[in-house]
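Inside the fold
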Amino acid sequence: MKNLYSAAKKCFLTRDPDEKLALSRDIAAAWEGGQLEWQDGIEPLQLDIPGRLDKPVLVVPNKVKKRGFKSIQQRAALIHALAHIELTAVNLSWDSVYRYRYMPKAYYDDWINTAREESLHFYALRSRLRDMGYEYGDLPAHDELWQMAVTTADDLMARMAIVHRVLEARALDVVPFSEARFRDIGDRQTADALVMIANDEIGHVNAGARWYRYCCAQQQLDPDKMFFRLLEKYLQSTPRGPFNREARMKAGFSLQEMQKLEQLDAEYKKKKALS
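Report follows, based on the coordinates.

Scanning the entire structure with this criterion turns up 2 cavities of 30 Å³ or more. In this structure, the largest cavity occupies an estimated 120 Å³ of space. Along its surface, the largest cavity is lined by 14 residues, and R52, L53, H84, L87 and Y136 are the ones closest to its centre. Where the lining of the largest cavity is concerned, the elements lending two or more residues are helix 2 (17–32) and helix 3 (72–99). The greatest single-element share of the lining of the largest cavity, amounting to 4 residues, is contributed by helix 3. In this model, the second largest cavity occupies a volume close to 40 Å³. V64, K65, A77, H80, A81, L139 and P140 are the residues that line the second largest cavity. Looking at the lining of the second largest cavity, its residues break down into 5 nonpolar, 1 polar and 1 charged.

Shown next as structure tokens:
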């Protein structure tokens, strides 16, 4: 029987996106078919850099091309940025499978399924880029999401809280807005792709919430309080609104968390307005 962790490592280190995404589908199918051993396996090594091509060129966030809806160039830049995030999320999923051992089977179910869905997201967005005359890699991208995955790698609780419940959760707020704008300008194909992504991301963030709370329960910690401690430790700030409260609560945020996030955002904006 093949080993899940070896398969996850191979997929993570594969450079070509098409090969990586094909492997993601194959591993997910093998997992569902009960063809992968997961209770024993190779010892995890540091996987700090995923396999990827020389393009896109990675730059600091403020050097990424201007994104928006006014021109095809701005729209392509937005779709390219989203595609890069989705491909990074594929690597994140396989890293979460490979790195964290001795978890319940449901944990691996979640991140293998997430890898497969993120692959579909990348395909859909790259297809739209090609329709617009662009290719993935034509524009620069930033590596903020993966760098935070490296920063939190040694702490599963922090990985779930910061990478999935902060950085990935931002999609719950912004993707529906982008979907509406693309639909308004008559780009139904991109809008439909973003609807699929928005719906799936609720499940992905919810998986992060589920395993974050699992870690808190294991350590007898209050998950609502611990979330804000981790924000302070890793980000020295809290996320900025506006927040999609309905989507975030479907994705595992508690009412108490949402109320505090909204309160802190309102206080920040009031202070900024007075300064």
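What follows concerns the layout of surface pockets. Taken as a whole, the largest pocket encloses approximately 1,000 Å³ of empty space. Taken together, 43 residues line the largest pocket, and the ones lying closest to its centre are I85, L167, R170, A171 and V174. If one sorts the elements of the lining of the largest pocket by residue count, helix 3 sits on top with 10 residues. In terms of residue class, the lining of the largest pocket is built from 24 nonpolar, 10 polar and 9 charged. Computed from the structure, the second largest pocket encloses a volume of approximately 160 Å³.

Between K55 and the following residue, P56, the backbone shows a cis peptide bond with an omega angle of 10°. You can see P56 is positioned in the loop between strand 2 (36–37) and helix 3. Going from G241 to P242, the amide bond is cis rather than trans, its omega being 5°. Mapped onto the secondary structure, P242 falls in the loop between helix 9 (223–234) and helix 10 (245–250).

Reading the values: rules and limits
- Residues numbered from 1 in each chain as written.
- Predicted model: local features only at pLDDT ≥ 70, side-chain atom pairs only at ≥ 80, totals over all residues.
- Heavy atoms only, no water.
- 1 Å grid on protein atoms, 1.4 Å probe; cavity = no way out; pocket = protein on both sides within 12 Å on 5 of 7 lines; lining within 4 Å.
- Points joined across faces, edges and corners; volume = space filled by probe spheres on them.
- Helix = DSSP H or I, 4+ residues; strand = E, 2+ residues; numbered from the N terminus.
- Nonpolar A, V, L, I, M, F, W, Y, C, P; charged D, E, K, R; others polar.

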